[in-house]
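This is what each chain is made of:
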Amino acid sequence: MDFIFEYKEFIAILIGFLIVTLAAERIAAFFQKFNLPLITGLIIAGIVAGPFILHLIPAETTGSLRFIYDTSLAFIAFAAGSELYLKDLRSRLHSIQVNAFVQTGITVGIFLIAFFVARPHIPFIAKTSFTQVLIAALFTGLIFSTRSMASAMAVISETKAKGPFTQSLIGISVLKESLVTISFSVLLAVSKTLLTGGDLGLMSLVAVLIDLALAIAFGIGLAKILELVHKFIGYQSLRYGVILLIGFLVYQFAPFLEHSSESSFGFKISVEPLIMCIACGFYLANYTKYRSDFLKFIKDSAGYVFIIFFFYVGIGVRLDVLSNVWLIAVIFFGVRLLSLAVGAFVSGIMTKDPKPFYQIGWMAYITQASFGIGLSTILMNEFPDWGQQLGTIIIAGVVYSQLIGPILFKKVLSLLKEQHVKAKHEPDGHDKDALIIGFEGMSVALARQLIDKGWNVSIATFKQSGSFQEPEGIKIHHLKSLDRDALAELGGDEAEAIVSMLSDEENLKVCEIAYEDFGTEDLIVRMTDRQYHEQYQSFGARAVDPNTAMVNLLEHFVRSPQATSLLLGLEGDQDTRDIRLRNPNLHGIALRDLRLPADVIILSVKRGGHTIISHGYTRLRRGDIITMVGTIKSLNDTANKFEG
């Protein structure tokens, strides 16, 4: 009976948490209007909903939700490892190594100096021994040298950041976490021996290195398991669920291995689950054929995981801690900013990185979260006499970093022009403008078909005027360059659809401009090399591969000839059409209450970039895109009604 009661209580807590999380996601989106990262809004929403303000989620319930924290950390480590793609990082591998070691060393060194200078003014170390102050300073420097991979991946995912700085940042962050994990473990073993007056043995250091090697080995074994998951589980949603479940189990495996090894062999085998998952993601991305499938899992799941995780982090922020140690924490935070700036500058000079990388790049390393808090918790548990106070100050500094860091990180990506945020597209009211880039027989045929369907179409080409016969009835523009101003002059900023039929490199440039500057609703490209597929997807473009398009078309004719004929416009006067709802009189009306022609059927409703599961009681909203099928006359009448 107790088990049933606890089970019901857990379900109630989980449902309550998810309901409040949905509201928090809406609230956090409000902060994006002020160009603040989504995760900052989520953390603030968590603080407000947590046990110190609104009490919507009491402190005693967060323990029941620990599985959210563990699963999210595993996912974040998977994502971080998968970003370490050796083919992309090879040219910057030396820079990553130097930056990670130099930045960590300088941060630790500056905190050593700060501790001994400020020692008389810090009560809990003012009268302690030199050894204890040294150990406290080393622990503080190590913890403050870390940055939050979760926050980094969240901001990178939100801004679709890509480029040499972003790639280096991920590599440096992962290497720094690994370096800090090893150093922290070694320092923990050394300090416990020194503070208890024992002898420092070589075996304690060797044990730490063995545990690290085991974590990497277990990570590779985990990757082999995920290979089997990708191979034998074809249903995507089920596969995603299994991967997340395995990630959660990794965090349960680590303490189980530690306890069972101590009881069976008399010594602990401690493996860091974070390193296991990073090694797993790294192996899958570099040494298996499932890299693209795994990256798709990361991309599809990131939004949901980050929303839940950072709201959970916000709930755990201790406002009572902040109120007691805020001044010392602010000073420590200031010292950390100084150390990050100096570390980035020195390492950037050493590696001859571009000046902006080390002049402003240090601001991208500010954010901290779970990893720093986790290490602080270990410090508080292992050294209760002085670790409690030091850990509390460090956690307060981590909170400051988490609130300010994402904002500055996003600013850095913007200044370095590595973020790719979709611009807001304002249609001109017709939704019938299309720009085709590239002149050839296929583009002319496409233009004529669109014109027959009522579209306003123009073709842009690099060919000089008079060098070819221009088709009648189609606007031809002659390009001199492929940049924002040139495409905007042709009406690309107002076009509902842009079709690019150039080389893959030129197509990517078009996609970047259309996505970031115009916010174009529909981007279509003709792809000649499949290695560009992921890059096209990052800009929301639909890539058509001529080598497989014909095979896919024939396959659909075999499996569903009627539907394929309809979609291709081969059924006489029948057609399919996407219609945007602009008529304010239809806002809020249910589908079942629409008075549509008898020969018009609604296939789907797209809202905010997502296709929603629609039924008779689905209420339409202004801006919805409704896909309909019917006769051309009835579709025209319906379009006039919806767009009026």
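Structural data are supplied above this passage.
Below you will find a few notes about this structure. Keep in mind that this is a model prediction, so the values were computed, not measured.

Some details on the overall build of the chain
Per the secondary structure count, the chain includes 23 helices and ten strands. Looking at the 644 residues of the chain, the share that counts as buried comes to 49%. By sequence separation, contacts in the chain at least 24 residues apart represent 74% of the contacts at least 6 residues apart. Summing over all exposed atoms, the chain offers an accessible surface of approximately 31,500 Å²; the carbon and sulfur share of this is 61%.

Examining the sheet that holds strand E8 (residues 601-607)
Taken in spatial order, the four strands of this open sheet run E7-E10-E8-E9, and their pairing is antiparallel. Every interior strand has two partners, whereas the edge strands, strand E7 (574-580) and strand E9 (610-612), have only one. Across the sheet, the axes of successive neighbouring strands diverge by a mean angle of 30 degrees, strand direction being ignored. Sheet strands touched by helix H23 (residues 632-643): E7 and strand E10 (625-631). Its angle to E7, the strand with the most contacts, is close to 5 degrees.

Brief notes about the environment of Leu390
Along the chain, Leu390 falls in helix H16 (residues 387-415). C-alpha of Leu390 to C-alpha of Val325: the two residues are 65 residues apart in sequence and 9.9 Å apart in space. Not counting residues up to four positions away in its chain, the partners in contact with Leu390 are Phe115, Phe124, Ala136, Thr140, Phe332 and Leu379.

Quick notes on unusual backbone geometry
Unlike most non-glycine residues, His55 shows phi in positive territory, near 60 degrees. Relative to the helices and strands, His55 resides in the loop between helix H2 (38-49) and helix H3 (66-83). With a relative accessible area of 51%, His55 lands in the exposed category. Positive phi outside glycine occurs at Lys352, with the angle close to 60 degrees. Position of Lys352 among the secondary structure elements: in the loop between helix H13 (319-351) and helix H14 (355-359). On the basis of relative accessible area, Lys352 is assigned to the exposed category, the value being 75%.

Brief notes about the packing of aromatic side chains
Aromatic ring pairs are described here by two measures, namely the spacing of the ring centres and the angle between the planes. Under the criterion given, the structure shown has 23 aromatic pairs. Ring centres 5.3 Å apart and planes at 25 degrees place the aromatic pair Phe111 and Phe144 in the stacked group. Linking Phe111 in helix H5 (residues 93-118) with Phe144 in helix H6 (residues 130-144), this pair joins segments that are 33 residues apart in sequence. Note on Tyr283 and Tyr287: the rings are 5.5 Å apart at their centroids and 40 degrees apart in plane angle, and the pair reads as tilted. Of this pair, Tyr283 and Tyr287 both sit in helix H11 (residues 273-287), separated by four residues, roughly a single helical turn. Connected via pairs of aromatic rings, a cluster forms that spans Phe75, Phe78, Tyr240, Phe294, Phe297 and Phe306. Across from the ring centre of Phe468, 5.7 Å away, lies the NZ or CZ of Lys463, which sits over that ring.

Thoughts on empty space enclosed by the protein
A probe as big as a water molecule, rolled over the atoms, marks out the empty space that is left. Evaluated as defined, the whole model comprises two cavities of 30 Å³ or more. The space that makes up the largest cavity amounts to roughly 90 Å³. Residue composition of the lining of the largest cavity, grouped by class: six nonpolar, five polar and two charged.

Brief notes about the nonpolar core
Judged by nonpolar contacts, the single largest core of 126 residues is most densely connected at Phe78, Phe115, Phe139, Leu226, Phe311, Trp386 and Leu390. The element that contributes the greatest number of residues to this core is helix H12 (residues 291-315), accounting for 13 residues. With residues up to four places along the chain from it excluded, the contact list for Phe139 reads Phe184, Leu187, Leu188, Ser191, Leu379, Phe383 and Trp386. By size, the runner-up hydrophobic cluster in this structure holds 25 residues, among which are Leu502, Ala514, Phe518 and Phe539.

Looking at the environment of Ala598
With respect to the helices, strands and loops of the structure, Ala598 is situated in the loop between E7 and E8. Considered as a pair, Ala598 and Gly630 are 32 residues apart in the sequence and their alpha carbons are 8.8 Å apart.

As for the packing of H5 against H6
Where H5 meets H6, the axes come as close as 8 Å, and the angle between the chain directions of the two elements is 140 degrees. As summarised for this structure, H5 and H6 are arranged oblique, according to the angle between their axes. When the axes of H5 and H6 are compared, the crossing they make is right-handed. Residue-level contacts link Thr104, Thr107, Val108, Phe111, Leu112, Phe115 and Phe116 of H5 to Phe130, Val133, Leu134, Ala136, Ala137, Leu138, Thr140, Gly141, Leu142 and Phe144 of H6. In terms of residue class, the contact of H5 with H6 is built from 13 nonpolar, four polar and no charged.

Rules and cut-offs
- Residues numbered from 1 in each chain as written.
- Predicted model: local features only at pLDDT ≥ 70, side-chain atom pairs only at ≥ 80, totals over all residues.
- Heavy atoms only, no water.
- Helix = DSSP H or I, 4+ residues; strand = E, 2+ residues; numbered from the N terminus.
- Buried < 20%, exposed > 50% of the residue type's maximum accessible area, 1.4 Å probe, protein only.
- Contact = heavy atoms within 4.5 Å.
- Areas by Shrake-Rupley, 256 points an atom, 1.4 Å probe, with all protein chains shown as cover.
- Pairing = 2+ DSSP bridges.
- Axes fitted to C-alpha atoms, helices over the stretch in contact; angles between N-to-C directions.
- Phe/Tyr/Trp six-rings, centres within 6.5 Å; stacked < 30°, edge-to-face > 60°.
- Lys NZ or Arg CZ within 6 Å of the ring centre and 35° of its normal.
- 1 Å grid on protein atoms, 1.4 Å probe; cavity = no way out; pocket = protein on both sides within 12 Å on 5 of 7 lines; lining within 4 Å.
- Points joined across faces, edges and corners; volume = space filled by probe spheres on them.
- Nonpolar A, V, L, I, M, F, W, Y, C, P; charged D, E, K, R; others polar.
- Core = buried A, V, L, I, M, F, W, Y, C linked by side-chain atoms within 4.5 Å.
- Parallel < 35°, antiparallel > 145°, perpendicular 65-115°, else oblique.
- Left-handed = near helix turned anticlockwise from the far one by under 90°.

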